[in-house]
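Fold and geometry: a report
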Amino acid sequence: MKQGFEWKLKDVLMVGINGVLFSILYLGMVYLGTFLTGIMTPFGLGAAGYEPIFGIWFMAGIFTVYVIQKPGVGLVAEMLAALLEVLMGNMFGPTVFITGMVQGLGAELGFAIFRYKKYDMRSVLCSSVFCTVLSFLWNTWNSQYYLLEGRIIAIMVVIRLISAVIFGGIGSKLLADGLARAGVLKGYALGQNRGLDLDGDEA
């Protein structure tokens with residue numbers, strides 16, 4: 001039976017838990033990105049220091065939509081993770097909240113183009129692409145990427161897309177599928193017996 005799109009208490013709890021857990025991961029990635037920037041700066045690629053791990057910042061939204069399979073849950077999860085990240089001391093300040101909103105919209109779009117009827121590798125990869133495009137457009141304006149050399153911008157886009165596919169797309173799906181197989185997600189669409197092939201597409 002097709003589940004409705006209305007939110008239930010368990011959905012609110014899952015979004016909240018994901019927001020908290022991913023906010024901690026996200027904050028840790030800020031410091032890792034700073035470290036990578038330091039390493040890459042002598043090679044003239046300091047601006048791309050965060051790009052290899054950028055896809056990790058897309059995981060809250062993509063993971064949450066893939067698990068709960070309802071519109072809006074990914075957007076809220078990303079925004080909550082971003083808000084908590086700021087409150088815990090993210091050095092980039094309140095603009096991170098806007099970044100979370102942009103990334104959440106990207107996560108939603110990957111499923112929205114399938115009218116929230118497909119929850120498979122195609123939809124999570126589409127989400128990864130949308131997250132990449134929207135976040136890079138936002139960063140181009142907010143962080144003035146347009147001042148960089150064209151070569152650097154191209155490198156950043158390619159690395160971010162690869163990171164998005166690996167972490168945001170494939171990583172989120174593998175994590176969620178693993179939890180579903182372990183029985184942790186029985187109360188959610190992904191973990192229920194809805195004809196889902198956890199190794200591929202919906203049957």
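Note: the structure precedes this text.
No experiment lies behind these values; they were computed from the predicted model shown.

Moving on, we come to the packing of helix α2 (residues 59-68) against helix α6 (residues 150-181). Any two packed helices are characterised by the angle at which their axes cross and by the distance between the axes. At a minimum axis separation of 9 Å, α2 and α6 run at an interaxial angle of 45°. It follows from the interaxial angle that α2 and α6 lie oblique. Relative to α6, the crossing made by α2 is right-handed. In this structure, α2 contributes M59, I62, F63, Y66 and V67 to the contact, and α6 contributes F167, G168, G169, G171, S172, K173, L175, A176, D177 and L179. When grouped by side-chain class, the residues that make up the contact of α2 with α6 number nine nonpolar, four polar and two charged.

Turning next to helix α5 (residues 121-142). The α-helix advances 3.6 residues per turn, and as a result positions three or four apart in sequence lie on the same side. With 22 residues, α5 extends 31 Å from end C-alpha to end C-alpha; this agrees with the ideal 32 Å at 1.5 Å per step. Restricting attention to buried positions, one finds in α5 the residues S123, V124, S127, S128, C131, T132, S135, F136, W138 and N139. At its buried positions, α5 is contacted by α2, α4 (95-112) and α6. After α5 finishes, the residue Q144 shows a positive phi value of roughly 60°.

Thresholds applied
- Residues numbered from 1 in each chain as written.
- Predicted model: local features only at pLDDT ≥ 70, side-chain atom pairs only at ≥ 80, totals over all residues.
- Heavy atoms only, no water.
- Axes fitted to C-alpha atoms, helices over the stretch in contact; angles between N-to-C directions.
- Helix = DSSP H or I, 4+ residues; strand = E, 2+ residues; numbered from the N terminus.
- Parallel < 35°, antiparallel > 145°, perpendicular 65-115°, else oblique.
- Left-handed = near helix turned anticlockwise from the far one by under 90°.
- Contact = heavy atoms within 4.5 Å.
- Nonpolar A, V, L, I, M, F, W, Y, C, P; charged D, E, K, R; others polar.
- Expected span 1.5 Å × (residues − 1).
- Buried < 20%, exposed > 50% of the residue type's maximum accessible area, 1.4 Å probe, protein only.

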